[in-house]
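Tertiary structure, described
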Amino acid sequence: MRSETDHHEKVGSVLVVGGGVGGMQAALDLAESGFKVYLLEKEPSIGGTMAKLDKTFPTNDCAMCTLAPRLVDTGKHLNIERLTYSELLELSGTPGRFKVLVKKKARSVDPDKCTGCSECMEACLVRNRPYSPGVEPELQDVEGQELLVLREILGRYPRGREAIVPILQDITAEFNWLPEWSLRMVAHTLGLPLSRVVRVATFYNLFSLEPRGKHIIRVCTGTACHVKGAGKIVDSLERELKVKSGETTDDRRFTLEAVRCLGCCGLAPVVTIDEEVYGKITSARLVKELDAYPA
Amino acid sequence: MKSHRAHVMLCAGTGCVSNGSFEVKAALEKELAERDLQDEIAVVMTGCNGFCAQGPVMVVQPGEVFYQLLGTKDIPHLVEEHFLKGRPVERLMYRPPVDKIPVPRMSDIGFFKKQRLIALRNRGLIDPEKIDEYIARGGYQGLSKALTEMTPESIVEEVTKSGLRGRGGAGFPTGRKWASAAKHASDEKYIICNADEGDPGAFMDRSIIEGDPHAVIEGMTIAGRAVGAHAGWVYIRTEYPIAMERLNLAISQARDYGLLGADILGSGFDFDIHVFRGAGAFVCGESSALRASIQGDPPEPSAKHIHATERGLFQKPTVLNNVETLANVPEIILRGGEWFAGIGTEGSKGTKVFALVGNVNNTGLVEVPMGTTLREIIFDIGGGMEKGKEFKAVQTGGPSGGCIPASLLDLPVDFDRLTEVGSMMGSGGMIVMDEDTCMVDVARYFLDFLRDESCGKCTACREGVDAMYQIVSRICNGHGCEGDIELLEDLGETIKDTALCGLGTSAPNPVLSTIAYFRQEYETHISERRCPAGVCKALITYSIDAEKCNGCTLCAKNCPENAISGDKKEVHTIDQSKCIKCGICRDVCRREAVLVQ
Amino acid sequence: MPKLRKEDLEQIAQRMKKAMSLREGAGRAKITVHMGTCGISAGARKIVSAVMHCLEESGAQDVIVTTSGCAGLCSREPMMTVELSGQAPVKYVDLDEAKVKRVFDEHVIGGVIVAEFALARGSEQTL
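Residues numbered from 1 in each chain as written. Chains lettered and ligands numbered in written order. Predicted model: local features only at pLDDT ≥ 70, side-chain atom pairs only at ≥ 80, totals over all residues. Heavy atoms only, no water.

Re the pairing of strand E5 (residues 97–104) of chain A
Residues and elements named next belong to chain A. Operational definition: DSSP-based pairing: two strands are paired if at least 2 bridges between them are found. Strands here mean DSSP runs of E at least two residues long; helices mean DSSP runs of H or I at least four residues long; both are numbered from the N terminus.
When strand E4 (residues 86–94) meets E5, the two strands line up antiparallel, connected through 8 bridges. In the sheet register, Thr 94 faces E5, and the bridge partner there is Arg 97. Where E4 hands over to E5, the hairpin turn is made up of 2 residues, of which Gly 96 adopts a positive phi near 95°.

Printed below as a string of structure tokens:
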């Protein structure tokens, strides 16, 4: 920023935080207009996310074609000093008189000699060390019986991330949903970060992180069923049960789900309630069937 | 083994089971026992017969007598007449919609007559839970030939010669895939069978596994031999419980017989199969996402710089084939690649199974030679349009495919022709739509499906499909503006060019193809604020035809909002301010007096 | 269970052939027992059992047994029709278990018509 005393002279310097394409452009523009620029980047190299892209949306431009000239210019501009592998710890002062504290992490490699061949990475013995979340999570408000069931499920599979989907399926079969404590236990047992377990659990339609109803109504919304009026059936069930698709009634009697093709397209439209299949169903008939499912 | 004089082949596919085929079986067995016929007549539960619209169905052999829409109350009469007195029961036979004359023999029914079965060769002829019946129909002979008389190279060569292309959607030549995996040396290689049949409206893979699981096991083992793999995975949808059960049973039977495991048929070749149950994610049908799912990683597709045949599952060379592809393999090995290449068209060999569904009379599974025209499939096999309505379009290829209009009904169906008209083969779903289907609504349906199932990894698919959905929704809700159609086309082309995986690049197809063939309908929605098919809620009104209404009060009773008033035997009226356009009145009216405009 | 060898596949196929040829509708011979009300009261059920018994004993793989309604000649029940593929059907009348056995052995297996029980050669065509 300009000094407060003299508005005509370009003195002082600017810190740009983040060495992505935006940061580089800002640094270049500033450097071109005569400022000394410090470009701070926490990763070991500048470039950011765009360096990982093939094309950008929606203009469909080649990402590298946009990025490469800026990388080169930033790299060799005499007014830009790059602080890579560094983090901003403190910022104080007022415009024109900022004071920053930057932590520059040890690179332990001589940047003048390194050519980026990556052979040292290949050879390093301590790469990919498994993540260990340490002690077993403390589980409050969990009944002993439930814990035993979960331990039994965990014992069915060998340790390793390959077991994650089968384990989550078994827990769902047992509890009808995935309680948070069970996910913590799965993460601990498989030696995975909890975030990873949650990411898998939220990806699939089969898994629910909320308790579900005693009876699960699945309305097939495959193409054949759609053409034959599945949408109307979902509407009338939503009205009847006073829930939206994907939700559970307040009394936990029903959960309403719109599912992808059940593969019974010859019977379209198809609805299943628990294991019972209703083919060629109409809204009027289906609503009457609901009485057969006690709370 | 006890010999019987007749076999009752009762369908136990998912469609028929949900219509009560196990109840029919129980009634049948009880009735046969009462008449002391249990030692003469055998009841055999088979896999899906294919004619799902008429379920439960059964075929009595010998004689091929086809019965349909059976209920338990029909059984006593049926047993007495057919099995005791030998008089087939006409009342329970199929009647074509046109002349209504009962057709006794299965092969005379239009639905079956034009079909040619290779992948479904055992459908309705064997009990899928008995390995001996599969063997009796020539099963495992292909494997035996592959293991004892052929080298891995000659297996690959035979499959290449057959011209077999992947039946899962993209149509990649199977022989080339195998050759590539065979070429890469590795201590371990894998065969994956993709049974994650996610395309809505397609169910041939479920049917094959339910009806003939050993065909898939045999196909995988032959593939294993050809490329040098010793382990295989079947990735199967969680929505298919019956198929999963039968597959597991078939695998354990094959292990008992030594047809899986170590030293198969004394040849020294080892192969075994694991089953992996999916958890409901459309994107898992994509090969790289499927592999990630098995590995326990978040199932997002990855860029394919390196082919799976070089580094696939667990970083080992991997062949991934669809269920139907693998089911074809044993026949190709047994009868030779040239035999298979003799069927079909120049670029697409053999047959293809289609799931014929929607507004057509005979819905079900249909296997026809490549090159059969849409008209033959829909009108000769499918028996024409339901309720005599007008044909409007047929949607093929699931969410990645497109809608084909009436003017292209004489198109011969194969991989290349379908791609030329802006659709694709996909897994073989064929959804027939009549005049009451709104094409803009169909486009919205697929976009809604895709934006929900998009894994979110690449921007083009995550944001682009959603943006298209917002625009199409706007059109359906009566807020479309000039230029929306062009914007959709532009956005669609961009997504095609930029999305990461096959599902993303084909996502705009339903929109682009409906715009190409039904642009008029989009324009009517935008400029006239009207939905010609009477589907888009915001653009329609329901009313009662005073001439047809006889005042039966059925509509008024069923209306959830009490928007219909009128005395008994008087013409009813709909209060438009209360009407929520649910359409229930139209469904319940027996006189078609409820109009939609 | 012992592991299968190549030859065992063939054996299983042979063993199952009877059931399979039935389903494929391919038989060398077809025996039709007439089971109208009159036939049943004259003992046609026993005739069916006798035929099935003969079939099992002989181990024949390619004989189809069916029933049909009244043949129209109620006074000569129980009756059955034997049809070898490519030949005219032959109707046998006034049957009992011993006669069935002879007809089965001599005509169905041996191919020689048992003239003494036969009513006539030829029949109204059924299929």
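Further notes follow.
Quick look at the packing of aromatic side chains
Residues and elements named next belong to chain B. Our working definition: Only the six-membered ring of Trp is used, alongside the rings of Phe and Tyr, when aromatic pairs are assigned; centres must lie within 6.5 Å, and planes under 30 degrees apart are stacked while those over 60 apart are edge-to-face, with the rest tilted. Burial classes follow relative accessibility: with a 1.4 Å probe on protein chains only, a residue under 20% of its type's maximum area counts as buried, one over 50% as exposed, and anything between as partly exposed.
A full pass over the atoms with the stated rule returns 18 aromatic pairs over all chains. Measuring from centroid to centroid gives 6.1 Å for Trp 339 and Phe 340, while their planes differ by 55°, and the two rings are tilted. Since its relative accessible area comes to 22%, Trp 339 is described here as partly exposed. Note on Phe 340: relative accessible area 0%, which makes it buried.

Side note on the domain arrangement of chain A
It is common to report an interface's size as the accessible area lost on association of the parts. Quick reminder of the rule: Throughout the structure description, domain borders are defined by an automatic or database domain assignment.
Segmenting chain A into domains produces domain 1 (2–104), domain 2 (145–203) and domain 3 (215–292). Just the C-alpha atoms count here: the centres of domain 2 of chain A and domain 3 of chain A sit 29 Å apart.

Looking at the arrangement of the chains
How we decide: Only heavy atoms matter for contacts: two residues are in contact if any of them lie within 4.5 Å across the pair.
There are 2 pairs of chains in contact here, and the one with the most contacts is chains A and B. For chain A and chain C, which are not in contact, the least C-alpha distance works out to 26 Å.

Regarding the interface of chain A and chain B
Basically, it comes down to this: Once two parts are put together, the accessible area they lose, assessed with a 1.4 Å probe and summed over both, is termed the buried area. Salt-bridge detection follows one rule: a side-chain nitrogen of Lys or Arg within 4 Å of a carboxyl oxygen of Asp or Glu. Polar contacts, as counted here, are pairs of nitrogen or oxygen atoms within 3.5 Å of one another; within protein the pair requires one atom able to donate a hydrogen and one able to accept it, and residues that are adjacent in sequence qualify only if both atoms are side-chain atoms. Three classes are used: nonpolar for Ala, Val, Leu, Ile, Met, Phe, Trp, Tyr, Cys and Pro, charged for Asp, Glu, Lys and Arg, and polar for all others, with Gly counted as polar.
On the side of chain B, 70 residues touch chain A, which itself brings 41 residues to the contact. Between chain A and chain B, roughly 4300 Å² of surface is buried when both sides are summed, and carbon and sulfur atoms account for 58% of that area. The three residues of chain A that bury the most area against chain B are Phe 57, Phe 203 and Arg 260 of chain A, which together make up 17% of that side's buried surface. Here chain A and chain B share 8 salt bridges between them. The residue Asp 297 of chain B makes a salt bridge to Arg 161 of chain A at a minimum N-O spacing of 2.4 Å. Seen at the junction of chain A and chain B, the total is 21 residue pairs in polar contact (both at pLDDT 80 or more). Across the side of chain A that touches chain B, the residue classes tally to 19 nonpolar, 11 polar and 11 charged.

Quick look at the pairing of strand E2 (residues 63–68) of chain C
Residues and elements named next belong to chain C. Counting buried positions along E2 yields 6 of 6 residues, so the element is predominantly enclosed. The side-chain alternation of E2 yields two buried faces, one formed by Val 63, Val 65 and Thr 67 and the other by Ile 64, Thr 66 and Ser 68. For strand E1 (residues 29–34) and E2, the ladder comprises 6 bridges, and the chain directions are parallel. Directly across from His 34, in E2, lies its bridge partner Ser 68.

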